[in-house]
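Structural overview
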Amino acid sequence: MSLWEYANPVKFLALSARVQPFAWAAAAIGIAVGLGWGFFATPDDFRQGSTVKIIYIHVPSAWIAINAWIMMLVASLIWLVRRHHVSALAARAAAPVGLVMTVIGLLTGAIWGQPMWGTWWAWDPRLTSFLILFLFYLGYIALWEAVEDPDTAADLTSVLCLVGSVFALLSRYAVLFWSQGLHQGATLSLDKEENISDVFWVPLVISISGFTLLFIALVLYRTGTEIALRRARALSARRDASA
Amino acid sequence: MIALLIRDLRLALRAGGGFGLGLAFFLILTVLVPFSVGPQSALLSSIAPGILWLGSLLACLLSLDRLLALDFEDGTLDVLATAPLPLEAALAVKALAHWITTGLPLVLAAPFLGILLNLPPQGFVWLVASLLLGTPALSIIGTFGAALTEGIKRGGLLMSLLVLPLYVPTLIFGAEAARRGAVGMAIETPLLLLAGISLGSIALLPFAAAAALRMTIR
């Protein structure tokens, strides 16, 4: 019994079908509790008023946007090393989810920034790195769409994901060098004293867990769809060959 | 390797189009900037380093689709892939040839275009230095992009979408070094980081480019 058994699409789909109901339910509960608690049961901030509550969407979506790319990086590596198709398809399935989360992060940030910073957009390091991340997602998805042969597409996008990760990281530090920040420091960190009061912290963590579970459920579902699509293509190719 | 380099250089010189087009594009872009932002010399001199960097970057980008396309069509790439010379080395040579025919002329032309944009006198040296250090990175990153999109029909626009985000760190450090040089600030840090990006890209990206190309032409 090893993890690699689930490289078999049948076994993967069986496991995915068993996990998915729980993932969807837990995601729904987590997001409902996190957002409900955050929106209605936490006090307004001393200076920011009720706009602070957008943090319950902004931080989880940014979290997913970055971690979706890391998940794609790991899946791409697995595809390049072990040639498991499920892995390549999972990377493909995760990309649009990450893209949407990046957009949500940018939009909620802009909506919050307008009353707080007095501007929709500033060329702040964090904002700029997110915009660059958005461009990387676009390029990655466009490359998947452009290549016809599915295996070549998986190969090329995996290489792009690897090289892109290095350059995304470089860009992150380059923009830190290039511009002074307007964005506040990290809200959550493991090694420092907390920067946020417990009243806000608990619903925020619940909301982040909810978004993470939602991401897992969506990726499992979309990977299943990709596998079904691949199967349908193979079947129709076989029918055309025999006819 | 030297034979391949000489062949590529000859082709670029004699086949026409490739060699002068990048320069002409750079010139036109620089001439268009004052039309779009106005002829105030103070404004022009403050944006000159950035405009010149952006212009050379775009000129590099535009010449990339010729880098591998012709060799891909007539089968030269297949010969190169099976030749005793590793594909990594062949692609590094191709990037070098691209730099000599595109990057180097841009570096040499940049000071003259700097005059048009009213670049401050102390900025010329650092503009040339930053371009000299940065354009090799543009060539090698572009080679990777070309290898990635080779064999895709109408891949030109897609290549721009893939390559431009990869150009971000180079552009930031290069333009920052040129800008600091123009206003007389200390420029060591961005210049060293720029050199680091160039050297790192030259060391690592030929392998990524060769891997991507093998996936397409196997």
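Preceding this section is the structure that the text describes.
Keep in mind that this is a model prediction, so the values were computed, not measured. (Residues numbered from 1 in each chain as written. Chains lettered and ligands numbered in written order. Predicted model: local features only at pLDDT ≥ 70, side-chain atom pairs only at ≥ 80, totals over all residues. Heavy atoms only, no water.)

Further remarks concern the overall build of chain A. Within chain A one finds 6 helices and 0 strands. For chain A, the α and β elements follow one another from N to C terminus as α-α-α-α-α-α. Across chain A, the fraction of contacts at a sequence separation of at least 24, relative to all contacts at a separation of at least 6, is 77%. By element, 69% of the accessible surface of chain A is carried by carbon and sulfur atoms, the whole surface being about 12600 Å². (Helix = DSSP H or I, 4+ residues; strand = E, 2+ residues; numbered from the N terminus. Contact = heavy atoms within 4.5 Å. Areas by Shrake-Rupley, 256 points an atom, 1.4 Å probe, with all protein chains shown as cover.)

Here the focus is the packing of helix α5 (residues 150-178) of chain A against helix α8 (residues 156-183) of chain B. At a minimum axis separation of 9 Å, α5 of chain A and α8 of chain B run at an interaxial angle of 25°. Overall, the two elements α5 of chain A and α8 of chain B adopt an arrangement that is roughly parallel. When the axes of α5 of chain A and α8 of chain B are compared, the crossing they make is left-handed. Contact residues: L160, G164, F167, L170, S171, A174, V175, F177 and W178 of chain A in α5 of chain A; L162, P165, L166, V168, P169, I172, F173, E176 and R180 of chain B in α8 of chain B. Here the contact of α5 of chain A with α8 of chain B is built from residues that sort into 14 nonpolar, 2 polar and 2 charged. (Axes fitted to C-alpha atoms, helices over the stretch in contact; angles between N-to-C directions. Parallel < 35°, antiparallel > 145°, perpendicular 65-115°, else oblique. Left-handed = near helix turned anticlockwise from the far one by under 90°. Nonpolar A, V, L, I, M, F, W, Y, C, P; charged D, E, K, R; others polar.)

Glancing now at the interface of chain A and chain B. Facing the 28 residues of chain A at the interface are 26 residues of chain B. Carbon and sulfur atoms supply 84% of the area buried between chain A and chain B, which totals about 2200 Å² over both sides. Contact with chain B buries area across many residues of chain A, yet L156, F167 and F177 of chain A alone supply 28% of it, more than any other trio. One can count 0 salt bridges joining chain A with chain B. Along the contact surface separating chain A from chain B lie 0 residue pairs in polar contact (both at pLDDT 80 or more). For the side of chain A that touches chain B, the secondary-structure elements that each account for two or more residues are α4 (125-146) and α5 of chain A. Tallying contributions element by element places α5 of chain A first for the side of chain A that touches chain B, with 15 residues. (Buried area = accessible area lost by both parts, 1.4 Å probe. Salt bridge = Lys/Arg side-chain N within 4 Å of Asp/Glu carboxyl O. Polar contact = N/O pair within 3.5 Å; in protein donor to acceptor, adjacent residues only side chain to side chain.)

Moving on to the pattern of salt bridges. Inspection of the entire model under this criterion finds 8 salt bridges over all chains. Measuring nitrogen to oxygen at the nearest pair gives 3.1 Å for the salt bridge that ties R179 of chain B to E176 of chain B. Of this pair, R179 of chain B and E176 of chain B are both found in helix α8, 3 residues apart, which corresponds to roughly one turn of the helix. With a relative accessible area of 8%, E176 of chain B lands in the buried category. A salt bridge links R180 of chain B to E176 of chain B; the shortest N-O distance between them is 3.0 Å. Of the two residues, R180 of chain B and E176 of chain B both sit in helix α8, 4 residues apart, roughly one turn of that helix. With a relative accessible area of 16%, R180 of chain B lands in the buried category. Three or more residues are tied together by salt bridges with common partners; here these are R92, E145 and E226 of chain A. (Buried < 20%, exposed > 50% of the residue type's maximum accessible area, 1.4 Å probe, protein only.)

Further remarks concern unusual backbone geometry. Positioned with a positive phi, R83 of chain A is a non-glycine residue whose angle comes to about 55°. Structurally, R83 of chain A is set in the loop between α2 (55-82) and α3 (85-117). Although it is not a glycine, N118 of chain B adopts a positive phi angle of roughly 65°. Owing to a relative accessible area of 36%, N118 of chain B belongs among the partly exposed residues under this scheme.

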